[in-house]
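# Topology and contacts: notes
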Amino acid sequence: MSEPLATSHQGMEDLARIIIGEEELRQKVRELGAAISRDYAGKDLLLVGVLRGVIIFIADLLRAITIPVSVDLIGISSYGPSVKTHGVVRLTKDLEEPIEGRHVLFVEDVIDTGLTLSYLLRTLRARGPASLRVCVLLDKRAHRLIDIDIAYRGFELGDEYVVGYGLDHRQRYRNLPVIGILKPEKY
Ligand code: IMP
């Protein structure tokens, strides 16, 4: 096998525990891609992701979709240094293309309180897409403050703050090929 071992990544030693391994992630993304390809067959599908956490997931998901599909990215920054936003976000990069009349699938790495996503969905809905649905890799349902209808869900997570597969802690660990919990002293 030419694939590098997960343990060869610097930073893996900072994990207390791996929650979702590489093969499990691959399998789930394949399943999501197949379901999306079935459901959107014959439609003008546009994936929209939020920078930066979603980049790995959306890149893999895009390749697992077997029907014609486009992709666009939106950039946000939360006001204040707090890890958890309060739903007040600033657009730092808008979409490149109009979404009016298109079938938009919003792709998120993790939904926690749902505040960020609900703000973004409101913004996008106002632009008149033909449909607007949500695909999320990690759903922290217990933390939800706003009810959000999720069309495609990868995994449900508990309370823990996770890193890897695009997710960061202070901009580190996005490159880890697994999703895990950091050792307490690393937070
Ligand atoms: P929400 O507005 O509370 O749903 O926040 C969602 C955002 O918080 C995500 O897009 C992530 O940027 C961040 N976030 C929430 N939980 C985690 C986590 O466990 N690891 C890394 N980032 C997280």
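Note: the structure precedes this text.
Residues numbered from 1 in each chain as written. Predicted model: local features only at pLDDT ≥ 70, side-chain atom pairs only at ≥ 80, totals over all residues. Heavy atoms only, no water.

## Quick notes on the sheet that holds strand β1 (residues 15-20)
The strand order β1-β9-β8 describes an open sheet built from three strands, whose pairing is antiparallel. Edge positions in the sheet fall to β1 and β8 (162-163), since each of these pairs with one other strand and no more. Strand direction decides the pairing type here: β1 and strand β9 (residues 179-182), joined by four bridges, are antiparallel. Counterpart to Ile18 in the pairing with β9 is Gly180. (Pairing = 2+ DSSP bridges. Helix = DSSP H or I, 4+ residues; strand = E, 2+ residues; numbered from the N terminus.)

## As for the packing of aromatic side chains
A ring pair, where both rings are aromatic, is described by two values, the distance of the centres and the angle of the planes. Overall, the coordinates contain one aromatic pair when judged by the stated rule. An angle of 85 degrees between the planes, with centres 6.0 Å apart, marks the rings of Tyr161 and Tyr187 as edge-to-face. With a gap of 26 residues between them, Tyr161 in the loop between β7 (152-156) and β8 and Tyr187 in the segment after β9 connect regions that are remote in the sequence. Here Lys28 stacks its cationic end above the ring of Phe155, 5.1 Å away from the centre of that ring. (Phe/Tyr/Trp six-rings, centres within 6.5 Å; stacked < 30°, edge-to-face > 60°. Lys NZ or Arg CZ within 6 Å of the ring centre and 35° of its normal.)

## Concerning unusual backbone geometry
Residues Leu51 and Arg52 are joined by a peptide bond in cis, for which omega reads -5 degrees. With respect to the helices, strands and loops of the structure, Arg52 is situated in the loop between β2 (45-51) and α2 (55-64). With a phi close to 70 degrees, Gln171 is a non-glycine residue in the positive phi region.

## Focus on the site of the ligand
Surrounding the ligand, one finds 16 residues, the nearest of these being Thr113, Gly114, Thr116, Lys140 and Val162. At a separation of 2.4 Å, an oxygen atom of the ligand approaches a polar side-chain atom of Thr116. Note that an oxygen atom of the ligand is positioned 2.7 Å from one of the side-chain N or O atoms of Lys140. Expressed as a share of its isolated accessible area of 490 Å², the protein-covered part of the ligand is 87%. Put simply, the parts of the chain that give the shell around the ligand at least two residues each are β5 (103-111) and α3 (115-125). Residue contributions to the shell around the ligand peak at four residues, all from β5. Of the residues that constitute the shell around the ligand, the class distribution is six nonpolar, four polar and six charged. (Near = heavy atom within 4 Å. Polar contact = N/O pair within 3.5 Å; in protein donor to acceptor, adjacent residues only side chain to side chain. Areas by Shrake-Rupley, 256 points an atom, 1.4 Å probe, with all protein chains shown as cover. Nonpolar A, V, L, I, M, F, W, Y, C, P; charged D, E, K, R; others polar.)

## Overview of α2
Within α2 the residues assigned to the buried category are Phe57, Ile58, Leu61 and Ala64. Along the long axis of α2, the arc covered by the buried residues comes to 120 degrees, so they all point the same way. The elements touched by buried residues of α2 are α1 (22-39), β2, β3 (69-78), β5 and β6 (131-139). (Buried < 20%, exposed > 50% of the residue type's maximum accessible area, 1.4 Å probe, protein only. Arc of directions from axis to C-beta. Contact = heavy atoms within 4.5 Å.)

## Topic: the nonpolar core
For soluble globular proteins, the rule of thumb is that nonpolar side chains tend to be buried together. Counting 29 residues, the largest nonpolar core has Ile36, Phe57, Leu61 and Leu138 as its most contacted members. Mapped onto this core, the elements with two or more residues apiece are α1, β2, α2, β5, β6, β7 and β9. Per element, the largest residue contribution to this core is five residues, and it comes from α1. Membership of the second largest hydrophobic core comes to 18 residues, among which are Val50, Ile111, Leu117 and Leu121. (Core = buried A, V, L, I, M, F, W, Y, C linked by side-chain atoms within 4.5 Å.)

## A look at the pattern of salt bridges
Two side chains that carry opposite charge are able to pair once their charged atoms sit near each other. The full count for this structure, using the stated rule, is 14 salt bridges. Glu96 is the partner of Lys93 in a salt bridge, and the nearest nitrogen-oxygen pair spans 3.1 Å. In this structure, the salt-bridge partner of Asp139 is Arg153, at a minimum N-O distance of 2.7 Å. Here Asp139, found in strand β6, pairs with Arg153, found in strand β7; they are 14 residues apart in sequence, far enough to count as distant. Among the charged side chains, a salt-bridge network with shared partners connects Asp14, Arg172 and Lys186. (Salt bridge = Lys/Arg side-chain N within 4 Å of Asp/Glu carboxyl O.)

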